[in-house]
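Chain by chain, the residues run as shown.
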Amino acid sequence: MQFDFSGKKVLVRVDFNVPLDKQYHITDDTRIREALPTIQHILEQSGAVILMSHFGRPLEKRKEDGSINVEKFTLRHVVEHLSQLTGRNVLFAEDCIGPAAQNAAAALQPGEILLLENTRFHEEEEKGDEAFAQQLASLADIYLNDAFGSAHRAHASTTIVAKYFPPERKGFGFLMEKELKNAAQVLDHPKRPLTAILGGAKVSDKIKILDRLVELVDNLIIGGAMAYTFFKAQGGTTGNSLVEDDKLDLARNLLEKAQARGVRVLLPTDSIVADAFAETANHRVEPSHQISDGWMGVDIGPEARQAFAQAIIQSKTIFWNGPMGVFEMEPFAGGTRAIAEAVAQATQHNGAFSLIGGGDSVAAVSQMGLASQISFVSTGGGAMLELMEGKVLPGVKVIQD
Ligand code: AMP
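Parameters and conventions
- Residues numbered from 1 in each chain as written.
- Predicted model: local features only at pLDDT ≥ 70, side-chain atom pairs only at ≥ 80, totals over all residues.
- Heavy atoms only, no water.
- Buried < 20%, exposed > 50% of the residue type's maximum accessible area, 1.4 Å probe, protein only.
- Helix = DSSP H or I, 4+ residues; strand = E, 2+ residues; numbered from the N terminus.
- Pairing = 2+ DSSP bridges.
- Right-handed = clockwise from strand over helix to strand, strands pointing away.
- Contact = heavy atoms within 4.5 Å.
- Near = heavy atom within 4 Å.
- Polar contact = N/O pair within 3.5 Å; in protein donor to acceptor, adjacent residues only side chain to side chain.
- Areas by Shrake-Rupley, 256 points an atom, 1.4 Å probe, with all protein chains shown as cover.
- Nonpolar A, V, L, I, M, F, W, Y, C, P; charged D, E, K, R; others polar.
- Axes fitted to C-alpha atoms, helices over the stretch in contact; angles between N-to-C directions.
- Parallel < 35°, antiparallel > 145°, perpendicular 65-115°, else oblique.
- Left-handed = near helix turned anticlockwise from the far one by under 90°.
- Domains from an automatic or database assignment.
- Buried area = accessible area lost by both parts, 1.4 Å probe.
- Salt bridge = Lys/Arg side-chain N within 4 Å of Asp/Glu carboxyl O.
- 1 Å grid on protein atoms, 1.4 Å probe; cavity = no way out; pocket = protein on both sides within 12 Å on 5 of 7 lines; lining within 4 Å.
- Points joined across faces, edges and corners; volume = space filled by probe spheres on them.

With that out of the way, let us pick up the pairing of strand 4 (residues 113-116). The side-chain alternation of strand 4 yields two buried faces, one formed by Ile-113 and Leu-115 and the other by Leu-114 and Leu-116. Here three bridges tie strand 2 (residues 48-52) to strand 4, and the two strands are oriented parallel to one another. Residue pairing for strand 4: Val-49 is matched across the bridge by Ile-113. Relative to strand 4, strand 3 (residues 90-93) runs parallel, the two sharing four bridges. Each bridged residue has a counterpart across the sheet, and for Ala-93 the counterpart in strand 4 is Leu-116. In the classification by handedness, the crossover that spans strand 3, the intervening helix 4 (residues 98-107) and the parallel strand 4 is right-handed.

This is the structure:
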């Protein structure tokens, strides 16, 4: 960050969309903590910080009378905790635009923090409205985007607002810089072999990323429910496994593309199969291309774990998105755990660079206590996936252009 923040008002788009319990207490403050380095840096340089963020979906979850549920969706819930984390008094503006915001921003002194109310209280936010964005921009001298998790959305506060700052007065915060730098380590100059591990529920969600990654990687590991669409596409029987019948051609095409490019595709040769989608279901191991009637694949089997782990350990760059099985149910978490351990081992013992992106795989490594052994765990699920798909994120483009 090459700015002189001294005496400047800095508008920072953060992602404070943290989960709350019923009493509106923060249950996971990771997103707030991730924004602290940028905030502290500006304050240390005697700048003033104006923070803006979205918080939940207030326009979709209105009260019965149609009004916005301010009590539930106000960013006020974050003020006290932010104050504790920064050791500073945090001022709050009841609205992100208009007199409340303008007056508070005008009175703001160097070293002070002002948090603006939820940007999504205005429908203009998600529409990317220019006039609304201009009002946000009018509050500050410099704009920083540090909300990587929202950078794939062309909303007013994540993208459009930047149009109203000249190039020398807009940039990325530390979190955003870190996310982009780490993604580039996979996408732009990976050490090889490069292995992508994709899991999760649906091929349809992952087809774009599969299509792109097959052009980049040496090994493509496919686990999770997604794998059964590939087995069916190859003529296998998949029992009750989750299969997308309308994606069989896509699966076949992808395998052909991989073969033409010399990419090694690893599918789980065996599976843990269950007779119901329940933690208490009976379960056993079966070949993934020959699953019995009435049974469904819920995790990768022991042979697959070993084969996947072997490929992972030999890799120098690893990207992982999506669990290998129904990891939320303990009897079916073993495959995801084995892969998490292999990625951690490759990172710690073989000097591999590993990046995990996407909500559920991040949750899985955190749950397994392995997050600290991974090179980089991304904070932005959707945004990281879109980067990996080869898209230019609007919130990034507007600053780089
Ligand atoms: P995604 O959001 O696409 O990454 O999918 C994550 C979800 O996929 C998790 O909730 C897993 O429980 C689910 N999942 C992974 N493997 C399977 C499977 N074999 N059968 C059904 N669901 C699965």
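To continue, consider the environment of Gln-135. Considering the arrangement of structural elements, one finds Gln-135 in helix 6 (residues 130-137). Looking at Gln-135, the relative accessible area reads 32%, which means it is partly exposed. As for Gln-135 and Val-18, which are separated by 117 residues in sequence, their C-alpha atoms are 25 Å apart. With sequence-adjacent residues up to four places away left out, Gln-135 is seen in contact with Ile-97 and Gly-98.

The next subject is the site of the ligand. The full set close to the ligand counts 15 residues, and Ala-201, Lys-206, Gly-297, Glu-328 and Asp-360 are the nearest of them. One nitrogen or oxygen atom from the main chain of Ala-201 is found 3.1 Å from an oxygen atom belonging to the ligand. Gly-297 is positioned such that a nitrogen or oxygen atom in its backbone is 2.9 Å from a nitrogen atom of the ligand. The fraction of the free accessible surface of the ligand (510 Å²) that becomes covered by protein chains is 83%. Classifying every residue of the shell around the ligand gives seven nonpolar, five polar and three charged.

The subject of this paragraph is the packing of helix 11 (residues 302-313) against helix 12 (residues 334-350). Where helix 11 contacts helix 12, the two axes come as close as 9 Å, and the packing angle between them is 20°. What the angle tells us is that helix 11 and helix 12 run roughly parallel. The handedness of the crossing between helix 11 and helix 12 is right-handed. Contact with helix 11, carried on its side by Arg-305, Phe-308, Ala-309, Ile-312 and Ile-313, involves Gly-334, Gly-335, Ala-338, Ile-339, Ala-342, Val-343, Gln-345, Ala-346 and Asn-350 of helix 12 and no other residues of that element. By residue class, the composition of the contact of helix 11 with helix 12 is nine nonpolar, four polar and one charged.

A few words on the domain arrangement of the protein chain. The parts lose accessible area when they come together, and the size of an interface is often stated as this lost area. Domain assignment breaks the protein chain into domain 1 (9-172) and domain 2 (180-388). For domain 1 versus domain 2, the distance between C-alpha centres works out to 35 Å. The partner domain 2 presents nine residues to the five residues of domain 1 that form the contact. For the pairing of domain 1 and domain 2, the buried interface totals around 610 Å² over both sides, and the portion due to carbon and sulfur atoms is 75%. Applying the counting criterion to the domain 1 and domain 2 interface returns zero salt bridges. Taken together, the links from domain 1 to domain 2 amount to zero residue pairs in polar contact (both at pLDDT 80 or more). Taken together, the residues that form the side of domain 1 that touches domain 2 break down as two nonpolar, two polar and one charged.

What follows covers the sheet that holds strand 11 (residues 270-274). Pairing is antiparallel across the open sheet formed by three strands, whose spatial order is 12-11-14. The open sheet is flanked by strand 12 (283-287) and strand 14 (296-300), the only strands paired with a single partner. Strand-to-strand, the axes of this sheet are offset by a mean angle of 45°, without reference to chain direction. Of the pairings in the sheet, the one linking strand 11 to strand 12 comprises five bridges and is antiparallel in character. The partner of Ala-274 across the bridge, within strand 12, is His-283.

Right, let's talk about empty space enclosed by the protein for a bit. For the structure shown, the criterion picks out one cavity of 30 Å³ or more. The calculated volume of the largest cavity comes to roughly 80 Å³. Considering the residues around the largest cavity, the lining is formed by Asp-15, Arg-31, Glu-34, Ala-35, Asp-146, Ala-147, Phe-148, Gly-149, Leu-175 and Thr-379. Top element by residues in the lining of the largest cavity is helix 1 (residues 30-44). It accounts for three residues. In the lining of the largest cavity, the residues fall into four nonpolar, two polar and four charged.

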